[in-house]
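So you can see what is in the structure, the chains are spelled out below.
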Amino acid sequence: MNLFEKSEAVRELFQVLEDESRQFHAESGMGCVSGCGFCCANPEIPASPLEFLPLAFDLYEKGIAEEIANQLALQDQLGNCIVYRSQKDDPTKGYCGNYSNRGLICRLFGASARKTKYGQKDLITCKILKAEKQEAFSLTSSRINLNLEIPIAAAYYTRLADVDQSLANQYPVNQAILMALELVLRFKFYEEAE
């Protein structure tokens, strides 16, 4: 598989997850609070270059991949996700600037579960959702272990790694995005040279 084919395989995986997540949100009533960027305002969000290949190809097609790669390369310390658009007065409020090409971590959070050492499903969510949707959180936590279908995060990370294990290693989010951009810029350079 070439880099573009890998990106398309990631998009296909994201579509499967999107369908499962949509069903879970509809049945559970759980979902991120509109305008919340609490999780996005964390520069150490773990992500892989592979999950950001679709974003990198999109930014390339828009003609801004090199500019964003340069911005990221010049950062002297970890910053919040470059795609996240926060409010000036509150960095925990905002939105994703390229929602359709967000990474796997962004898609799983609040819409998936992990298995505990006892085999129980544990909803992966934040303290804001737990506090603001206490009743729905409590009910959903019970239902995912009874009859409510929910995506399992580890299964999606395994399926992502099946596309390309070497590109599935985790880094802070902006480092992962920079690596994806560099891969796409190199791929496009050689593709155009042929």
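Computed from a predicted model, the values in this text were never measured in an experiment.

**Quick notes on the overall build of the protein**
Inference 1: Looking only at helices and strands, one finds 8 helices and 6 strands in the protein.
Inference 2: Walking the protein from its N terminus toward its C terminus, one meets helices and strands in the order α-β-α-α-β-β-α-β-β-α-α-α-β-α.
Inference 3: Taken over the C-alpha trace, the protein has a radius of gyration of 17 Å; the compact-globule value for 194 residues is 16 Å, and the two agree within 12%.
Inference 4: Across its three principal directions, the C-alpha atoms of the protein cover 55 × 40 × 25 Å.
Inference 5: The buried share of the protein, reckoned over its 194 residues, is 41%.
Inference 6: Across the protein, the fraction of contacts at a sequence separation of at least 24, relative to all contacts at a separation of at least 6, is 78%.
Inference 7: Counting only carbon and sulfur atoms, one obtains 51% of the accessible surface of the protein, whose full area is about 10900 Å².
Inference 8: For the protein, the distance from the average site of its 20 positive side-chain charges to the average site of its 26 negative ones is 7 Å.

**Things to note about the side chain of Asn174**
Inference 1: With respect to the secondary-structure elements, Asn174 resides in helix 8 (residues 173-193).
Inference 2: Only 2.8 Å separates the side chain of Asn174 from the backbone nitrogen of Ile82, close enough to count as a polar contact.

**Remarks on the packing of aromatic side chains**
Inference 1: In the structure shown here, the tally under the stated rule is 3 aromatic pairs.
Inference 2: Judged by centre distance (5.4 Å) and plane angle (85°), the rings of Phe4 and Phe57 are edge-to-face. Placement of Phe4 in helix 1 (residues 3-28) and of Phe57 in helix 2 (residues 53-61) is noted, with a sequence separation of 53 residues between them.
Inference 3: Phe57 gets classed as buried once you look at its relative accessible area, which sits at 4%.
Inference 4: Plain terms: the ring middles of Phe189 and Tyr190 are 5.2 Å apart, the flat faces sit at 80° to each other, and that makes the pair edge-to-face.
Inference 5: Among the residues examined, Tyr190 registers a relative accessible area of 51% and is labelled exposed.
Inference 6: Directly above the aromatic system of Tyr99 lies the positively charged group of Arg102, at a separation of 3.8 Å from the ring centroid.

**Considerations on the packing of helix 1 against helix 2**
Inference 1: Viewed as axis vectors pointing N to C, helix 1 and helix 2 meet at an angle of 120°, and their least axial separation amounts to 8 Å. Accordingly, the angle class assigned to the pair helix 1 and helix 2 is oblique. In the packing of helix 1 onto helix 2, the handedness of the crossing is left-handed. Listed contacts from helix 2 to Leu3, Phe4, Lys6, Ser7, Val10, Arg11 and Phe14 of helix 1 are Leu53, Pro54 and Phe57.
Inference 2: Considering only residue class, the contact of helix 1 with helix 2 consists of 7 nonpolar, 1 polar and 2 charged.

**Remarks on the pairing of strand 5 (residues 121-124)**
Inference 1: For strand 4 (residues 112-115) and strand 5, the ladder comprises 4 bridges, and the chain directions are antiparallel. Its bridge partner lying in strand 5, Ala113 is registered against Leu123.
Inference 2: Between strand 4 and strand 5, which pair antiparallel in sequence order, lie 5 residues; one of them, Gly119, sits at a positive phi of approximately 85°.

**Describing the environment of Gly119**
Inference 1: Among the secondary structure elements, Gly119 is positioned in the loop between strand 4 and strand 5.
Inference 2: Taking the C-alpha atoms as reference, Gly119 lies 9.5 Å from Asn145; in sequence the two are 26 residues apart.

**As for the nonpolar core**
Inference 1: Among the nonpolar cores identified, the biggest contains 42 residues, and Leu50, Phe52, Ile177 and Leu181 are the most heavily contacted of them.
Inference 2: Of all the secondary structure elements, the ones that give two or more residues to this core are helix 1, helix 2, helix 3 (65-74), helix 4 (104-108), helix 7 (153-163) and helix 8.
Inference 3: Once you skip the residues sitting within four places of it in the chain, Leu181 turns out to touch Ala56, Leu59, Ala65, Ile68, Ala69 and Leu72.
Inference 4: Listed in part, the 10 residues of the second largest apolar core include Phe24, Met30, Ala113 and Leu148.

**Topic: the pattern of salt bridges**
Inference 1: Scanning the model with the defined rule gives 10 salt bridges in all.
Inference 2: The salt bridge involving Lys6 is made with Asp164; its shortest N-O contact spans 2.5 Å. Linking Lys6 in helix 1 with Asp164 in the loop between helix 7 and strand 6 (171-172), this pair joins segments that are 158 residues apart in sequence. For the pair shown, Lys6 and Asp164 are each scored as buried.
Inference 3: Each of the salt bridges in this network shares a partner with another, and the network as a whole consists of Glu18, Asp19, Arg22, Arg102 and Arg107.

About the cut-offs
- Residues numbered from 1 in each chain as written.
- Predicted model: local features only at pLDDT ≥ 70, side-chain atom pairs only at ≥ 80, totals over all residues.
- Heavy atoms only, no water.
- Helix = DSSP H or I, 4+ residues; strand = E, 2+ residues; numbered from the N terminus.
- Rg over C-alpha atoms; globule rule 2.2 N^0.38 Å.
- Buried < 20%, exposed > 50% of the residue type's maximum accessible area, 1.4 Å probe, protein only.
- Contact = heavy atoms within 4.5 Å.
- Areas by Shrake-Rupley, 256 points an atom, 1.4 Å probe, with all protein chains shown as cover.
- Lys, Arg positive; Asp, Glu negative; His and termini not counted.
- Charge placed at Lys NZ, Arg CZ, Asp CG, Glu CD.
- Polar contact = N/O pair within 3.5 Å; in protein donor to acceptor, adjacent residues only side chain to side chain.
- Phe/Tyr/Trp six-rings, centres within 6.5 Å; stacked < 30°, edge-to-face > 60°.
- Lys NZ or Arg CZ within 6 Å of the ring centre and 35° of its normal.
- Axes fitted to C-alpha atoms, helices over the stretch in contact; angles between N-to-C directions.
- Parallel < 35°, antiparallel > 145°, perpendicular 65-115°, else oblique.
- Left-handed = near helix turned anticlockwise from the far one by under 90°.
- Nonpolar A, V, L, I, M, F, W, Y, C, P; charged D, E, K, R; others polar.
- Pairing = 2+ DSSP bridges.
- Core = buried A, V, L, I, M, F, W, Y, C linked by side-chain atoms within 4.5 Å.
- Salt bridge = Lys/Arg side-chain N within 4 Å of Asp/Glu carboxyl O.

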